[in-house]
Every structure is written in structure tokens, then in C-alpha cells.
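Results of the structural survey
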Amino acid sequence: MTKMTKMTSAHALPLNTILAGDCIDVMNSLPEASVDLIFADPPYNLQLKGTLHRPDNSQVDAVDDHWDQFSSFAAYDKFTQDWLAAARRLLKPDGAIWVIGSYHNIFRVGAALQDAGYWILNDVVWRKANPMPNFRGKRFTNAHETMIWASKGEGAKYTFNYEALKALNEGIQMRSDWVLPICNGGERLKDDNGDKAHPTQKPTSLLHRVLVGSTKPGDVVLDPFFGTGTTGAVAKMLGRDWIGIEREDAYRAVAEKRIAKVRAFDKAALEVSTSKRAEPRVPFGQLVERGMLRPGEELWSMNGRHKAKVRADGTLVGNDVKGSIHQVGAQLEGAPSCNGWTYWCFKRDGKTVPIDVLRQQIRSEMSERPS
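Here the structure is a predicted model, which means the values were calculated and not measured. (Residues numbered from 1 in each chain as written. Predicted model: local features only at pLDDT ≥ 70, side-chain atom pairs only at ≥ 80, totals over all residues. Heavy atoms only, no water.)

**Focus: the layout of surface pockets**
Approximately 460 Å³ is the volume found for the second largest pocket. Together, 33 residues line the second largest pocket, and Asp41, Phe225, Phe226, Gly227 and Glu246 are the ones closest to its centre. Within the residue set of the lining of the second largest pocket, elements represented by two or more residues are helix 6 (230–237) and strand 9 (241–246). Split into classes, the residues belonging to the lining of the second largest pocket amount to 16 nonpolar, nine polar and eight charged. (1 Å grid on protein atoms, 1.4 Å probe; cavity = no way out; pocket = protein on both sides within 12 Å on 5 of 7 lines; lining within 4 Å. Points joined across faces, edges and corners; volume = space filled by probe spheres on them. Helix = DSSP H or I, 4+ residues; strand = E, 2+ residues; numbered from the N terminus. Nonpolar A, V, L, I, M, F, W, Y, C, P; charged D, E, K, R; others polar.)

In C-alpha cells:
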């Protein structure tokens, strides 16, 4: 059950909880270096002047709430610096942050991120498949928002599930421009009067891509501008722990009701594609030690042009070339490098079998061991 909590002090991390209060004060009360990812959708400081009407003279439900109003750019900058400092204190050394904004604020936020010591990894353009038109016809239609993805500092480690994002994109490397629709239809949350519960509700698809790409199951995701809880809802579905901070009572109530209805996916469904580099390292020598390949046994190159013999210490010898499976393959091919696991094969019952099959067998056994 999701909790709504008035945060006064925190000795332990209040997981899967909506915390009431000012985001800076609440973040400063949480344990240092305790969060894996922060997704932040701060006020845009739109500086709207007057009301906006459609061509039929109906009024547009624009962002004119008090929380988006600042007295000056200097006041907005001070607010941004303070919440980014509080957020950076919370991030683990290998943690990261996503901040989304429009042209009104994202450039100021980007400069503040760099000034605060964050290291920008990407800016991602969310291109809206169904943007709201520009009713006044005096500017281009605002058809995108920008997200900045940053690590805690230069050289810091961070989670990036490259293969999972590639799988989401039908096997093609994920680009930094994402075409996704804005909230509409059944996804758009409404209040008791039938009006939008929040003017800038983000779509589930956007948070799904962010969390699948840059977190792992069990990670802690914090959203300091929680709104109606999209971050929490998606985190719960994906098996991530979450913390929301929201000062507006009405938004917290909507988020509480929304997240209570969410069901987490089962453990098997949460597994995502990983790169070979992320899998456990298996030295070629283990295949020899375990008798999967025998000293003196011949290996053949995939192209059939070269062969080499296995030695007892897990090295190969072929055409007076000695070394690892990678070194021998590279020298025989006259190439600067070679992936020996995909280059060499052995023969069993008249069939040619890649040696990587044996490596995957060992990896499978490793994953089945009780933790």
C-alpha cells in the first residue's frame, strides 16, 4: 500500500512513499548517497501573460498554476541550484539524473547542472507525436521537450541498458530523439470535475523508456516533483522502488489512488536484454580445466582457413603462433584484433560447434547457483 507521509526527519529511506513538503527540504532530510536515479520534471517557469484561446474562442487549459510562477530568472535560477544540490547529495556514486523541460527553462537547468558538478551524458529530444497546435499562429508549434541525462560527475559510473533499449527499438540502436505521444484519452487523469488532474502529466511510455534504459530491478528511483505519480506508477510496474515528493495536496491524492491500482510485472517479465560485456567473465582455460575441450584438440576458424591446437594452460598454438584464443586468431588473420569466442570452433560427431556454446553453458550454470 502506498503511503503519504509528512517528512520531518529520516533515518531510513522511506521507500514506495509519497512525501509531502518542499522538495529541497525533504531531499535534504533523506540519507546521503541513497538513490540510484532521479527523474525530475521541475516547474517550467513559462511566464504566461494572460489567457490563451483556441480559434473557436474556447479557453486553453494552460500551465498557469502558482507553482510555475517565479518573480524573476534569478529567483528561478536560485531555486534550480538549490534542488540540484540536494539531488546530487542523494545520488549514489554511480547514480544518475534525468531532467525534462521546455525551451523556457531547460537551457538554464543545463547550465546549472554543469555548474553543480554533474556530467551531461545526453540530451534527449522527446518529439511529441500529437502536440498541441500553436493557436496564435505567431510561432512554430512546440512539438518537443528536452530531457538531460547526467551522471553524478565526470568519469562516474552509471547504468545504461544498451541492449534493452536496442531491443525496444526493433534491434536498432536507440537514438536521442524519441517519438512518443503526449497524454490523452484514457491515460489523461481527471479530477472530480472532469478537468485535467495535472497540466503537464507525462506519458507512461516516456518513463518506461527512461527506467528500462537507465535502472535495474530493485533500484531506488526518486521524483522530487511527483505530480500525479507517473514515475512511481511505472517504477512499481517495473520492479523498482520509488520515492515521490509533492507539496500539492490535490496531486498527492490523485497519485495515491493511481499507484494503488498498479500491479508489478512478474520477475521473469522484468528481465531485459544485456550485453555480452555484462555477463560473467569465463576464461577460456576453464573449458580446458573442466574437460570440455582437451589439450591437443584442434580448433578451426569459422571461415575454415586456419586451425590451432589447445594447450593445457588454456592457450593455443597454430603455425608457430602461440597465445590466447584472441591473440592467435588475430595473428593468423593478420588483423589488429579478434574475438576468439566467435572465431574458433571445435568438431563433435562431424559437426562444427562454436566454442562460445561452451562458454554460455558455464554462464548458464553460474546463473542457476543459489545466491
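**Regarding the sheet that holds strand 14 (residues 344–348)**
Reading across the sheet, the six strands line up as 13-12-11-10-14-15 and stay open at both edges, with antiparallel pairing between neighbours. Among the strands making up the open sheet, the edge pair consists of strand 13 (321–323) and strand 15 (351–354). The sheet shows a mean angle of 35° between the axes of neighbouring strands, taken without regard to direction. Looking at chain direction, strand 11 (residues 307–310) and strand 12 (residues 316–318) are connected through two bridges and run antiparallel. Residue pairing for strand 12: Lys309 is matched across the bridge by Val317. Relative to strand 13, helix 10 (residues 325–333) is tilted by about 155°, and along the sheet it contacts strand 11, strand 12, strand 13 and strand 14. (Pairing = 2+ DSSP bridges. Axes fitted to C-alpha atoms, helices over the stretch in contact; angles between N-to-C directions. Contact = heavy atoms within 4.5 Å.)

**As for the packing of helix 2 (residues 73–90) against helix 3 (residues 106–115)**
For the pair helix 2 and helix 3, interaxial distance at closest approach is 10 Å and the crossing angle is 45°. When the axes of helix 2 and helix 3 are compared, the pair comes out oblique. The two elements helix 2 and helix 3 meet at a crossing, and its hand is right-handed. Across the interface between the two elements, Phe73, Tyr76, Asp77, Thr80 and Leu84 of helix 2 pack against Arg108, Val109, Ala112 and Leu113 of helix 3. (Parallel < 35°, antiparallel > 145°, perpendicular 65-115°, else oblique. Left-handed = near helix turned anticlockwise from the far one by under 90°.)

**With respect to the packing of helix 6 against helix 7 (residues 249–260)**
Think of two packed helices as two axes; the pair is described by the angle between the axes and how far apart they sit. Between helix 6 and helix 7, the shortest axis-to-axis distance is 9 Å and the interhelical angle comes to 15°. By the angle class used here, helix 6 and helix 7 are roughly parallel. With respect to the hand of their crossing, helix 6 and helix 7 are arranged in right-handed fashion. Here Thr230, Gly232, Ala233 and Lys236 of helix 6 come into contact with helix 7, specifically with Arg258, Ile259 and Ala260. Class assignment for the residues of the contact of helix 6 with helix 7 results in three nonpolar, two polar and two charged.

**Re the nonpolar core**
Core analysis: the biggest nonpolar cluster contains 33 residues, and Trp98, Met147, Trp178, Leu206, Val210 and Leu211 have the highest contact counts within it. At five residues, the largest contribution of residues to this core is made by helix 5 (residues 204–214). Apart from the residues within four sequence positions on either side, Leu206 is in contact with Ile100, Trp126, Met147, Trp178 and Leu180. Leu91, Ile97, Ile106 and Leu113 belong to the second largest nonpolar core, which has 31 residues in total. (Core = buried A, V, L, I, M, F, W, Y, C linked by side-chain atoms within 4.5 Å. Buried < 20%, exposed > 50% of the residue type's maximum accessible area, 1.4 Å probe, protein only.)

That is the geometry; function is a separate question.
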